[in-house]
Amino acid sequence: QVQLVESGGGLVEPGGSLRLSCVASGNIITNYVMGWYRQAPGNQRERVILITEGGSVFSENPVKGRFTISRDNAKNTVYLQMNSLKPEDTAVYYCYAQLSVVGARIPRDYWGRGTQVTVSS
């Protein structure tokens with residue numbers, strides 16, 4: 001069974017920083033893409049930033065220049081460094097991974113349970 005477990009959320013003041021981590025575990029063959037989505041109250045879940053196995057990064061405009069993603073392929077772990085946080089960054093942040101796993105014919109999308117990030121003074 002594949003699991004994605006996030007850590008690192010919390011409360012931070014505007015302008016502050018937080019670092020999120022996510023570990024994928026299970027019978028993983030190939031970890032194609034990892035990244036982060038977020039969902040604020042009353043809003044749909046939106047993509048924040050992704051990183052491929054080869055290190056290519058795709059980030060959405062609201063976080064460009066402020067959020068940095070990195071990954072450790074050997075540990076199936078992805079990190080999100082969030083700087084210059086704004087109140088509008090407040091949301092539940094979900095870890096995402098596109099994985100090829102034992103027993104599955106094609107890659108699938110997997111999700112963590114989410115971690116709350118609150119930016120407030």
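Everything below is about the structure shown above.
Report on the accompanying structure. (Residues numbered from 1 in each chain as written. Predicted model: local features only at pLDDT ≥ 70, side-chain atom pairs only at ≥ 80, totals over all residues. Heavy atoms only, no water.)

A sheet is described by the order of its strands in space; here 4 strands give the open sequence β1-β3-β8-β7, paired in antiparallel fashion. The sheet is open, and its two edges are formed by β1 (3–7) and β7 (67–72), each paired on a single side. Geometrically, the sheet is characterised by an average inter-axis angle of 15 degrees between neighbouring strands, direction not taken into account. (Pairing = 2+ DSSP bridges. Helix = DSSP H or I, 4+ residues; strand = E, 2+ residues; numbered from the N terminus. Axes fitted to C-alpha atoms, helices over the stretch in contact; angles between N-to-C directions.)

This brings us to the pairing of strand β4 (residues 28–39). Of all 12 residues that make up β4, 9 are buried, and the element is covered over most of its length. Summarising the sheet, β4 and strand β9 (residues 91–101) pair through 10 bridges and their orientation is antiparallel. Of the residues in β9, the one forming a bridge with Trp36 is Cys95. Pairing analysis gives 6 bridges linking β4 to strand β5 (residues 46–52), with the strands arranged antiparallel. Among the inter-strand pairings, Val33 is bridged to a residue of β5, identified as Thr52. A loop of 6 residues connects β4 with β5, the two strands running antiparallel in sequence, and Gly42 in this loop sits at a positive phi of about 80 degrees. (Buried < 20%, exposed > 50% of the residue type's maximum accessible area, 1.4 Å probe, protein only.)

As a further point, take the pairing of β9. It is a general feature of regular strands that their side chains alternate between the two faces of the sheet. Among the 11 residues that make up β9, 9 are buried, leaving the element largely enclosed by the rest of the structure. Taken together, the 3 bridges between β9 and strand β11 (residues 115–119) define a ladder with antiparallel strand orientation. By the bridge assignment for β11, Ala91 is matched with Val117. Where β9 meets strand β10 (residues 108–111), 4 bridges bridge the pair, whose relative direction is antiparallel. Looking at the pairing, Gln98 lines up with Asp109 of β10. Between β9 and β10, which follow one another and run antiparallel, lie 6 residues, and Gly103 among them has a positive phi close to 95 degrees.

Once that is clear, we can look at the nonpolar core. Residues Leu4, Trp36, Met82 and Tyr93 are the most contacted members of the largest nonpolar core, which totals 29 residues. The element that contributes the greatest number of residues to this core is β9, accounting for 6 residues. (Core = buried A, V, L, I, M, F, W, Y, C linked by side-chain atoms within 4.5 Å.)

Linking two cysteines covalently via their sulfur atoms produces the bond known as a disulfide. Counted by the stated rule, this structure contains 1 disulfide. One disulfide bridge connects Cys22 with Cys95, the sulfur atoms lying 2.0 Å from each other. Judged by the sign of its S-S torsion, about -85 degrees, the cystine formed by Cys22 and Cys95 is left-handed. Here Cys22 is found in strand β3 (residues 18–25), whereas its partner Cys95 is found in strand β9, with 73 residues between them in sequence. (Disulfide = S-S within 2.5 Å.)

Moving on to the packing of aromatic side chains. The full count for this structure, using the stated rule, is 3 aromatic pairs. Centre to centre, the rings of Tyr37 and Trp111 are 4.8 Å apart; their planes meet at 70 degrees, and the pair counts as edge-to-face. Taken together, the residues Tyr37 in strand β4 and Trp111 in strand β10 connect sequence positions 74 residues apart. Of the residues examined, Tyr37 reaches a relative accessible area of 16% and is grouped as buried. A network of ring pairs unites the aromatic residues Tyr37, Tyr96 and Trp111 as a single cluster. Lying over the aromatic face of Tyr94, Arg45 brings its terminal NZ or CZ to 3.7 Å of the ring centre. The lysine or arginine in question, Arg45, covers the ring of Trp111, its NZ or CZ lying 4.8 Å from the ring centre. (Phe/Tyr/Trp six-rings, centres within 6.5 Å; stacked < 30°, edge-to-face > 60°. Lys NZ or Arg CZ within 6 Å of the ring centre and 35° of its normal.)

Interpretation in functional terms is not warranted from these geometric data alone.
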